[in-house]
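Analysis of the macromolecular model
Chain by chain, the residues:
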Amino acid sequence: MKFIEFGLGNKWFIRTETEINNGAEFEEKGIVLPINLQSIYLRIWIRKFVFILDSKEGYKRTKKNRNDFKILIGIRSL
């Protein structure tokens, strides 16, 4: 699964995070092709709370262990 994200709070303004089946993940600067669109999402991370509005899964709210601030628009791809 690939997550292509645009926004503030990550190491790069545009980045691709790739998750491998064994749970490992890595990130790369820019957009990594090919893109097989699964959904589009908006992620807002304020302190320990993450609010996600996803075109496929709807609204979700989660809590993380670390404090951060991020505003991202992303594409979920296979």
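Residues numbered from 1 in each chain as written. Predicted model: local features only at pLDDT ≥ 70, side-chain atom pairs only at ≥ 80, totals over all residues. Heavy atoms only, no water.

**Focus on the nonpolar core**
We apply this condition: Take the buried residues of types Ala, Val, Leu, Ile, Met, Phe, Trp, Tyr and Cys, join any two whose side-chain atoms come within 4.5 Å, and each joined set is a nonpolar core. The classification of residues rests on relative accessible area computed with a 1.4 Å probe and restricted to protein chains. Under 20% of the type maximum is buried, over 50% is exposed, and intermediate values are partly exposed. Starting at the N terminus, helices and strands are each numbered in turn, a helix being any DSSP run of H or I of at least four residues and a strand any DSSP run of E of at least two. For this analysis, residues touch if any pair of their heavy atoms sits within 4.5 Å.
Counting 5 residues, the largest nonpolar core is built from Phe-3, Tyr-41, Trp-45, Val-50 and Ile-52. When residues of this core are assigned to their parent elements, the largest contribution, 4 residues, is made by strand 4 (residues 37-54). For Tyr-41, the contacting residues outside a window of four places in its chain are Phe-3, Ile-4, Glu-5, Ile-52, Leu-53, Asp-54, Leu-72, Ile-73, Gly-74, Ile-75 and Arg-76.

**Side note on the pairing of strand 2 (residues 14-19)**
On a regular strand, each side chain points to the face opposite its neighbour's, so the side chains alternate between the two faces of the sheet. The test is simple: Being paired, for any two strands, means DSSP has found at least two bridges between them.
Direction of pairing for strand 1 (residues 2-8) relative to strand 2: antiparallel, over a ladder of 5 bridges. Each bridged residue has a counterpart across the sheet, and for Phe-3 the counterpart in strand 2 is Glu-17. Between the end of strand 1 and the start of strand 2, which pair antiparallel, lie 5 residues, with Gly-9 showing a positive phi angle near 120°. Taken together, the 5 bridges between strand 2 and strand 3 (residues 25-29) define a ladder with antiparallel strand orientation. By the bridge assignment for strand 3, Thr-16 is matched with Glu-28. Hairpin connection, strand 2 to strand 3: the antiparallel pair is bridged by 5 residues, and Gly-23 has positive phi, about 100°.

**Some details on the environment of Val-32**
Within the fold, Val-32 resides in the loop between strand 3 and strand 4. Spatially, the C-alpha atoms of Val-32 and Lys-2 are 8.6 Å apart, while their sequence positions differ by 30 residues. The residues touching Val-32, leaving out its near neighbours within four places in the chain, are Lys-2, Ile-4 and Thr-16.

Everything listed here is a matter of coordinates, which is why it stays silent on function.
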